[in-house]
Amino acid sequence: MQKCHVQLYALSTCSHCKDTKDLLNQCGIKYDCVDVDKLDPEKQREVLTKVKELNPQCSFPTLVAGDKVVVGFKEAEIKQAVGVA
Amino acid sequence: MKVKELYDFLKKAQEAKGFYFNKDRKRVFELLEGLLTNKERYGYMCCPCRLAAHDREFDQDIICPCAYRDPDVAEYGSCYCNLYVSPEWNAGTIPNAYVPERRPLEKRFPP
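What you see is a predicted model, and the numbers here were worked out from it, not measured in a lab.

Student: I'd love a proper account of the sheet that holds strand S1 (residues 6-10) of chain A, names of residues and values included.
Tutor: Residues and elements named next belong to chain A. As summarised here, the arrangement of the 4 strands in space is S2-S1-S3-S4, forming an open sheet in which the pairing is mixed. The open sheet has two edge strands with one neighbour each: strand S2 (32-35) and strand S4 (68-71). When strand polarity is set aside, the average angle formed by the axes of neighbouring strands in this sheet is 15°. Where strand S3 (residues 62-65) and S4 come together, 4 bridges link them in antiparallel fashion. Across the sheet, the residue bridging to Ala-65 is Lys-68, located in S4. Strand contacts of helix H1 (residues 15-26): S1, S2 and S3, with the helix running at about 155° to S1, the strand carrying the most contacts. The sheet contacts of helix H2 (residues 41-54) involve S1, S2, S3 and S4, and relative to S1 the element is tilted by about 115°.

Student: A description of the pairing of S1 of chain A should follow, citing residues and the corresponding values.
Tutor: Residues and elements named next belong to chain A. Counting buried positions along S1 yields 5 of 5 residues, so the element is predominantly enclosed. The two faces of S1 match: Val-6, Leu-8 and Ala-10 on one face and Gln-7 and Tyr-9 on the other face are all buried. As paired elements, S1 and S3 share 4 bridges and run antiparallel to each other. From the neighbouring strand, Tyr-9 faces S3, where its bridge partner is Thr-62. Of the crossover connections in this fold, the one passing from S1 over H1 to the parallel S2 is right-handed.

Reading the values: rules and limits
- Residues numbered from 1 in each chain as written.
- Chains lettered and ligands numbered in written order.
- Predicted model: local features only at pLDDT ≥ 70, side-chain atom pairs only at ≥ 80, totals over all residues.
- Heavy atoms only, no water.
- Pairing = 2+ DSSP bridges.
- Helix = DSSP H or I, 4+ residues; strand = E, 2+ residues; numbered from the N terminus.
- Axes fitted to C-alpha atoms, helices over the stretch in contact; angles between N-to-C directions.
- Contact = heavy atoms within 4.5 Å.
- Buried < 20%, exposed > 50% of the residue type's maximum accessible area, 1.4 Å probe, protein only.
- Right-handed = clockwise from strand over helix to strand, strands pointing away.

Structure representation (structure tokens):
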């Protein structure tokens, strides 16, 4: 049973974002993903404001699992955040 | 341009300058696909791991190879995307560690 909601902010062309998606899939974690590069400019600005609040570095991937935020493809941190460590 | 053509072209041009593709060929081809996607989207080969502003002048520093590649390869053995790496990175004699974003914060928000 997954312990929290997982939200991923990613870029569709980014290798680190792909690694993160692959890891979540391998671990059987359900998650919502926004590929920010695919949004129209208005929606993109709105989402970027949110990403900046979560991750002041505003880089991708930014993963939110419950109250935890992991920036970048950091396997151990991601596993811990989503509860599969 | 097809991804294999881009691979062959960049490999030759960049190796002559002392920059090498990651030995992980699958990753390299995915990143090159991303560059071709961005070329089609924006008209220039913007870094696939960064959000483009769709403004060539604003994004000048992240047109691949980006302005941060040389210092990142020198300091970490790899560029931000892990596309270009040092021989030591490929040989595994240095840790293949996370490369932090070097682009200035104010450049990460499209104008």
